[in-house]
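Listed here are the chains, written in short residue letters.
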Amino acid sequence: QRCIPILQPAMEGKSLVLENAIGFSGKVSGSLLLHEGVDAAHIIYPLGSTIVIRNVEDASDQTFLRAHTQAVSCIAMNGDKTRLASGQKNHMGYVADIIIWDITDIKDPKLVHKLSLHKVEVQSVAFSCDGAFLASIGGQDDNNLVIWDVESGMAICGSPASHDTTLVVSWFNSNAFQLVTGGLTQLRIWTFNASERKVRPNEVFTGKEVRSFTAVAIDPWDNFVYAGTKSGDIIKVDMNSKKMVAAGPRKRLQLGITSLVYNRLANELVLGSGHGELAVLDCETLSPKSFTNIMGGVSSIALDAHAEFFFAGTIESNLYLVQYEGLVAELKGTSHSAPITGVEFPKGYAELFATCGGSDIRIWHAATLSELLRIQVPNVMVNCIAFPPSGTSILSGWADGKIRVFGPQSGNLQYVINDAHRLTGIGNASGGTVQINGVTAVRSSNDCRKLISGGADGKVRVWAVSKGQQVMLASMQEHKGPVFSIAVSNDDSQCVSASADGSCIVWALAGLTPYTRIGALFAPNFFKSAIYFSDESQFLTCGTDRKIVYWDAVDMQQIRVVDGSDEAEMTALHISGDGTFFVSGSADRKIKLWNYDEGALYYTGAAHSGAVNDVKISPDEKTIVSVGGEGGINIWQVPEDMHQ
């Protein structure tokens, strides 16, 4: 009896609760702010399109600000720490918003104004000394300076910031009507007249020194401005004459000065470079007093009120707590700085999970959100990871065509299968090429004796593995495009592979004719994921046609078709242990929770600012972990009604 396919429309379900997030958009300049409240200190930083407010002492005490539609590009806080401004990027030709938040109650922030004027990107924002005005600079496609009234949210006046790209804006410390901007080959001091609604620039004369300015700090008395440059030195400018009076240090910092803060208590400058150097300079002589190195270029520095310590964020998404005296750096937080491609839980163990992205594999402790282990293979991209049911190793597929297997506690390499798949991908059925190389999918059999891998070359290969030797048992070549997903049946008798050539193939792994095709289905679709239902009578697929399709596992007929997304391709699926519900991820940056029998959407979660590349339900079915193209890991609560 054939089942008639039922097409069901997608709808927006209730909102999923975001429990925790791991990640830090370290490439955003000035992205780290320190809020020292009466009860506790919090750090504020962007993660994709979300802004995270995190307790310094307790990493799991987090509050999320979610109103931006794309990645946050700059943030700033006013002097009395009651208002927060954040700007974002947007697609070419579209307006990029600035949002002003009320953070008087740090536990319950509220959106006050949404300011829309700049095109494509907001480069930098800054509050005036009295908090009444906000200055914003547009990105290179806009390059306008706009002054906003914070109370009403209205633009007062604006002006082209310069002839070339402007990178940074800062107000005077005691004058709410003067500000400084710096950018490529120009440094300007502006005078703002609120009654006339005008803002007028004055060029700073730097003589023969031609510099591009990336960071600005002003002394508390507004006598001097210190401007950090891409050349690695600091230009000291007299505010009255608007001329350069000094430059230093003599030994320049590598890759330019990327972050600069004035310490009022000691009259010193704290600065970071693009090469990971931290230094404290004397304001008079611009000579270094102390110096240290951290991992990754310094993108932001947040100094505490007593100048005893400061936080430093790097472009590699590392977070350091640095003692001011002697510059002793302690690593306080880490996250992926590249897009994350996969996430995996060990079988039956919800305390840990592994993620992969860039050239890293990382093991995380789910309760404390701390990184327990990091495995790196320099200059090679990791495409996929998996745990065997025994949990005695970490399987990983890499873009150089190798399968590498590591110890889960030590991170030591157990063995490598060289040339497991061809290095370069092949064309797909539509004639284009899919930008993925090497090993694209890897799975272990349930007895842990075999390993099934899929590659960008379209081959599905079965390996007999032990620590001593790894032998290829079969190479099955029917796919014409990269294999994105492999699922193995519970009894190890068969597996299903999903490919970008528009086919899913069921392969026999045992029986009279092992390693042959026993079933196939075809659709005008790049299949991204295929998973078995708990009793293996059906399986689910998803891909670029934006549909989630139920298939009969015996005759390969469609049972039900559900619209998974209205606007972007589906990327990932995972089903609960008893098959009552499943979760999907898509390139529209959302994860969705579905009832399996009804095919109905119950919950939607939106916190990523890049495509959701993978999603998994934890073995205890209390949380869902999703990973995205912006490098963020989001941990969601599974609602109680999904278990009923």
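Residues numbered from 1 in each chain as written. Predicted model: local features only at pLDDT ≥ 70, side-chain atom pairs only at ≥ 80, totals over all residues. Heavy atoms only, no water.

An unreviewed UniProt entry annotates the chain as Cilia- and flagella-associated protein 52 of Strombidinopsis acuminata. We quote the UniProt Sequence similarities (unreviewed entry) comment for the chain here in full: "Belongs to the CFAP52 family." (UniProt positions renumbered as here; feature names shortened; annotations may be inferred.)

A few words on the environment of Ile-417. Looking at the element boundaries, Ile-417 is found in strand β39 (residues 413–417). Separated by 237 residues in the primary sequence, Ile-417 and Val-180 have C-alpha atoms spaced 57 Å apart. Residues in contact with Ile-417, not counting those within four places in the same chain, are Gly-401, Lys-402, Ile-403, Trp-463, Val-465 and Gln-470. (Helix = DSSP H or I, 4+ residues; strand = E, 2+ residues; numbered from the N terminus. Contact = heavy atoms within 4.5 Å.)

Let us now look at the sheet that holds strand β22 (residues 234–238). Strand order across the open sheet formed by 4 strands is β20-β21-β22-β23, with antiparallel pairing between neighbours. Among the strands making up the open sheet, the edge pair consists of β20 (213–218) and β23 (243–248). Averaged over all neighbouring strand pairs, the angle between strand axes comes to 25°, with direction disregarded. (Pairing = 2+ DSSP bridges. Axes fitted to C-alpha atoms, helices over the stretch in contact; angles between N-to-C directions.)

A word on the environment of Thr-181. Looking at where Thr-181 falls in the secondary structure, it is placed in strand β17 (residues 178–183). Expressed as a C-alpha distance, the spacing of Thr-181 and Tyr-415, which sit 234 residues apart in the sequence, is 55 Å. In this structure the side chain of Thr-181 is engaged in a polar contact, spanning 2.8 Å, whose partner is the side chain of Trp-190. (Polar contact = N/O pair within 3.5 Å; in protein donor to acceptor, adjacent residues only side chain to side chain.)

Looking now at the pairing of strand β24 (residues 257–263). With 6 of its 7 residues buried, β24 lies for the most part within the structure. Sheet topology places β24 next to strand β25 (residues 268–273); 6 bridges connect them, and they run antiparallel. Among the inter-strand pairings, Leu-260 is bridged to a residue of β25, identified as Leu-271. From the end of β24 to the start of β25, which pair antiparallel, there are 4 residues, and Asn-267 there has a positive phi angle of about 50°. (Buried < 20%, exposed > 50% of the residue type's maximum accessible area, 1.4 Å probe, protein only.)

Let's shift gears to the packing of aromatic side chains. Under the defined criterion, the tally for this structure stands at 16 aromatic pairs. Ring-pair connections join several aromatic residues into one group, and the members of that group are Phe-533, Tyr-550, Phe-582, Trp-594 and Tyr-596. Directly above the ring of Trp-398 sits Arg-404, whose terminal nitrogen or CZ lies 5.2 Å from the centroid. The residue whose ring lies beneath Arg-560 is Tyr-550, and the NZ or CZ to ring-centre distance is 5.2 Å. (Phe/Tyr/Trp six-rings, centres within 6.5 Å; stacked < 30°, edge-to-face > 60°. Lys NZ or Arg CZ within 6 Å of the ring centre and 35° of its normal.)

In this fold, Thr-314 is placed in strand β29 (residues 309–314). Residue class for Thr-314 comes out buried when judged on its relative accessible area of 0%. Here Thr-314 is in contact with Phe-24, Gly-26, Ile-294, Met-295, Gly-296, Gly-297, Val-298, Ser-299 and Tyr-320, once residues within four sequence places are set aside.

The next point concerns the sheet that holds strand β26 (residues 277–282). Overall, antiparallel pairing links the 4 strands, which are arranged β24-β25-β26-β27 in an open sheet. The strands lining the two open edges of the sheet, one partner per strand, are β24 and β27 (288–293). Each strand axis lies, on average, 15° off the axis of its neighbour in the sheet, ignoring direction. Alignment of β25 against β26, held across 5 bridges, turns out to be antiparallel. Each bridged residue has a counterpart across the sheet, and for Val-270 the counterpart in β26 is Val-280.

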